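# Observations on the model geometry
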Amino acid sequence: MEIAIEAVGLRKRYGGHEALCGVDLSVPTGTLLGILGPNGAGKTTTVRVLATLLEPDEGRASVAGYDVRDQPREVRRSIGLTGQYAALDERLTGRENLRLIGTLYRLGRRAAKARADELLDRLDLAHAAERQVKTYSGGMRRRLDLAASLIAEPKVLFLDEPTTGLDLTSRLTLWDMIREQLAGGVTVLMTTQYLEEADQLADRIAVIDGGRVIADGTSDELKAKVGGERLEVSLADDSDIPATVTALRETAAAEPVVAQDSRTVSVSLRDGLKTVSEAAAALDAAGARTVGFAVRRPSLDGVFLALTGGTTSRER
Amino acid sequence: MVELVSDVSALVGRHMKHLVRIPEKLLSVTLMPVAYVVVFGVLFGSAISVPGSDYRSYLMAGIFTQMMLTNVGNTALGVAGDLSNGVVDRFRSLPMSRSSVLIARTLSDLTLAVIACVTMAIVGYLMGWRVHEGFLKALAGFGLLLLLGYTMAWLGALIGLLARSAEAVNSIAFMLVMPLTFLSNAFIPLDGLPGWLRWLCEWNPVSAVVAACRELFGNTTTGTGKGAFPVQYPVPVSLVLCGLLLAAVVPAAVGAYRRAAAR
């Protein structure tokens, strides 16, 4: 399989703070790698290094076959970047913004114009094309920003938290655009704070924390890493907890986990459905008053919390 | 080279659209200088008299020079704005020429300086200001002013890249431009100042530019005629000073652009 984005041992230090301490990534052509991680984990720094905005102190990276340090110009010709803050000129209209960027990509004025019109249509911005961007809503800005990064039909797309702060409709529109790009063979590296987003779009996910990749794999692999399916029993009253724990202990491999405040007892399933029926029978025999009985797959949130040790917002 | 020209012209187009769409920007190079010419001319004109010339004619070179100095703030604010809202990041991710961003910005601000000069010349003319050394020398005077304006734009670009925020830019520009204009011959003849202050003002580079413009416009006074070296030979001194400053500031600003954006 061809590799479109590769990073080996990327390090970046700001003063005494080490933003990246050896990031390794590898993204096959035509796939999407989702990068998850708390604030300040190094997601944006990684994107900025790969998009040639920052030089790494150590390590090397190649994008679309070009070295980011030695061939930045070639890298820039092959990529599109959508940043965390929509980088547009407020005082230009949507159409003028796209034409300007198309011209600076050296598409030629006529091609830039045609491509701008096409993207305005596809991203449902044609009605606002003649308005200054300062009048745009957050969702419209993000769509225009994405259009700007698509204008030169890049082989590799970097999306840094493309949907942060967007409403559901705008998010779905962006997701559709991203899927379309993937179908067309574009390689995408996307950072996000939304686990659901990574679950929906990503072929593989890398979890970054403290400047290094602490886990990577498909969404299913990551979920399996923190344990398989769990049986979750919620109870009517605190007094039922001890009996329930005893009943479940017999059927499951590991010690049941009690969540006092939600009155739930959960346990990982040793043997699939068989364990479920055994557990149900045992609970019935113990006379526990259950109000909920469910088998759950771990969510990516669970994975994330387990991997990062609960630090969802480690600000610098 | 062709690519550089194409990048610069695309970016200059962007700045020209700003000029039309941001009224404050246009007002700062039209209404502001007009107000200076009228207010200073009338106000100071009634209190200050200069030998051998009328004060309003004498003042014009000072106001022209002061307006060119304010280019520092204009450019610095624009550059800092682009840095903080992510536009610079976008530009840096494009396969465009890196120096084109600052070249386009400074050329656009030079256009602002041209507009300011024309406006002030018209208002000055209406208030009785005339040039007395002929068309070519007057043109040379405006050329010198625009050279100063262009140099100040590059200095402003450097300041904007280093200071990064509008607040910091404003206070730096103010602290730079205020003493440079007021401790000079821009608004007052230096003959009456105490010795040490006169010496300070005469060696202020701004005095050289103002004196050069007065010479080229023929708005000189019949004062003592003595003075420090820069005001004795104002035209060559101004040209050399602007040239040296430009030669120092352009590479510094281009370097700062590379580093400032790389964060």
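Cut-offs applied
- Residues numbered from 1 in each chain as written.
- Chains lettered and ligands numbered in written order.
- Predicted model: local features only at pLDDT ≥ 70, side-chain atom pairs only at ≥ 80, totals over all residues.
- Heavy atoms only, no water.
- Helix = DSSP H or I, 4+ residues; strand = E, 2+ residues; numbered from the N terminus.
- Buried < 20%, exposed > 50% of the residue type's maximum accessible area, 1.4 Å probe, protein only.
- Areas by Shrake-Rupley, 256 points an atom, 1.4 Å probe, with all protein chains shown as cover.
- Lys, Arg positive; Asp, Glu negative; His and termini not counted.
- Charge placed at Lys NZ, Arg CZ, Asp CG, Glu CD.
- Contact = heavy atoms within 4.5 Å.
- Buried area = accessible area lost by both parts, 1.4 Å probe.
- Salt bridge = Lys/Arg side-chain N within 4 Å of Asp/Glu carboxyl O.
- Polar contact = N/O pair within 3.5 Å; in protein donor to acceptor, adjacent residues only side chain to side chain.
- Pairing = 2+ DSSP bridges.
- Phe/Tyr/Trp six-rings, centres within 6.5 Å; stacked < 30°, edge-to-face > 60°.
- Lys NZ or Arg CZ within 6 Å of the ring centre and 35° of its normal.
- UniProt positions renumbered as here; feature names shortened; annotations may be inferred.
- Core = buried A, V, L, I, M, F, W, Y, C linked by side-chain atoms within 4.5 Å.

- By the naming in an unreviewed UniProt entry, chain B is Transport permease protein, taken from Streptomyces scopuliridis RB72.

### Things to note about the overall build of chain A
- When helices and strands are tallied, chain A shows eleven helices and 14 strands.
- Dimensions of chain A along its principal axes, counting C-alpha atoms only, are 80 × 45 × 40 Å.
- Expressed as a percentage of the 316 residues in chain A, the buried residues total 49%.
- Accessible area for chain A stands at about 13900 Å²; split by element, carbon and sulfur atoms hold 47% of it.
- Side-chain charges of chain A comprise 41 positive and 46 negative groups, with the mean position of each set lying 7 Å from the other.

### Thoughts on the overall build of chain B
- When helices and strands are tallied, chain B shows twelve helices and zero strands.
- Along the chain direction, N to C, the helices and strands of chain B fall in the order α-α-α-α-α-α-α-α-α-α-α-α.
- Expressed along its principal axes, the backbone C-alpha trace of chain B runs to roughly 60 × 35 × 35 Å.
- Counting only residues that meet the buried cut, chain B has 49% of its 263 residues in that class.
- Across chain B, the fraction of contacts at a sequence separation of at least 24, relative to all contacts at a separation of at least 6, is 81%.

### Considering the interface of chain A and chain B
- At the junction of the two partners, chain A supplies 30 residues and chain B supplies 27 residues.
- Between chain A and chain B the total buried area reaches about 2600 Å² when both faces are included, carbon and sulfur atoms providing 52% of it.
- Ranking the residues of chain A by area buried against chain B places A:Arg91, A:Leu104 and A:Arg106 at the top, with a combined share of 26%.
- Between the two partners, chain A and chain B, sit six salt bridges.
- A:Arg106 is paired through a salt bridge with B:Glu3; the nearest N and O atoms lie 3.2 Å apart.
- For the pair chain A and chain B, the number of links is 13 residue pairs in polar contact (both at pLDDT 80 or more).
- For the side of chain A that touches chain B, the secondary structure elements donating two or more residues are α2 (72-78), β6 (79-82), α3 (94-104) and α5 (138-150) of chain A.
- Ranked by the residues each element gives to the side of chain A that touches chain B, the list is headed by α3(A), at five residues.

### Remarks on the pairing of strand β7 (residues 156-160) of chain A
Residue and element names in this part refer to chain A.
- In terms of residue burial, β7 counts as a mostly covered element, since five of its five residues are buried.
- Every second residue of β7 is oriented toward a common face, with Val156, Phe158 and Asp160 on one face and Leu157 and Leu159 on the other, all of them buried.
- With four bridges joining them, β6 and β7 adopt parallel strand pairing. When the bridges of β7 are listed, Ile79 appears paired with Val156.

### Here we look at the pairing of strand β4 (residues 58-63) of chain A
Residue and element names in this part refer to chain A.
- In the sheet, strand β1 (residues 3-14) pairs with β4 via five bridges, with the strands oriented antiparallel. Within the sheet, the bridge partner assigned to Ile5 lies in β4 and is Val63.
- Counting the residues that bridge the hairpin from β4 to strand β5 (residues 66-67) gives two residues, and of these Ala64 lies at a positive phi of roughly 55°.

### Concerning α3(A)
- Most of α3(A) sits out of view: ten of its eleven residues are buried.
- Those residues of α3(A) that are buried lie in contact with α4 (109-122) and α5 of chain A together with α1 (2-21) and α5 (87-92) of chain B.
- The first or second residue beyond α3(A) is A:Arg106, which carries a positive phi of 65°.

### A short note on unusual backbone geometry
Residues and elements named next belong to chain A.
- Unlike most non-glycine residues, Arg106 shows phi in positive territory, near 65°.
- Along the polypeptide, Arg106 turns up in the loop between α3 and α4.
- In this structure Arg106 comes out as partly exposed when scored by relative accessible area, which is 22%.
- Backbone geometry places Glu153, a non-glycine residue, at a positive phi of 45°.
- Mapped onto the secondary structure, Glu153 falls in the loop between α5 and β7.

### Here's the deal with the packing of aromatic side chains
- Evaluated as defined, the whole model comprises twelve aromatic pairs over all chains.
- Centre to centre, the rings of B:Trp129 and B:Phe217 are 5.5 Å apart; their planes meet at 80°, and the pair counts as edge-to-face. Here B:Trp129, found in the loop between α6 (100-126) and α7 (135-163), pairs with B:Phe217, found in helix α10 (residues 205-217); they are 88 residues apart in sequence, far enough to count as distant.
- For B:Phe217, a relative accessible area of 0% translates into the label buried.
- When the ring of B:Tyr150 is compared with that of B:Trp154, the centres are 6.4 Å apart and the planes differ by 85°; the resulting orientation is edge-to-face. You can see B:Tyr150 and its partner B:Trp154 sitting in helix α7, four residues apart, about one turn around the helix. Each member of the pair, B:Tyr150 together with B:Trp154, is buried.
- Pairwise contacts between aromatic rings join B:Tyr36, B:Phe40, B:Phe44, B:Phe182 and B:Phe187 into one cluster.
- For A:Arg171, the ring lying beneath its charged end belongs to A:Tyr194, and the centroid distance is 4.2 Å.
- A cation over an aromatic ring shows up here: B:Arg130 above the ring of B:Tyr125, its NZ or CZ 3.8 Å from the ring centre.

### Comments concerning the UniProt feature "transmembrane region" (unreviewed entry) in chain B
Residue and element names in this part refer to chain B.
- As annotated by UniProt and renumbered to match this structure, "transmembrane region" (unreviewed entry) occupies residues 26-46, 58-81, 102-127, 139-162, 169-188 and 237-257.
- End C-alpha to end C-alpha, residues 26-46 measures 30 Å, and it is 95% helix and 0% strand.
- Note that residues 58-81 is 96% helix and 0% strand, and that its end C-alpha atoms are spaced 37 Å apart.

### Details of the nonpolar core
- The biggest cluster of nonpolar side chains holds 117 residues, and the ones touching the most others in it are A:Leu98, B:Phe64 and B:Phe91.
- The element contributing the most residues to this core is α7(B), with twelve residues.
- Judged by nonpolar contacts, the second largest core, of 28 residues, contains A:Ala7, A:Val27, A:Ala51 and A:Ile208.

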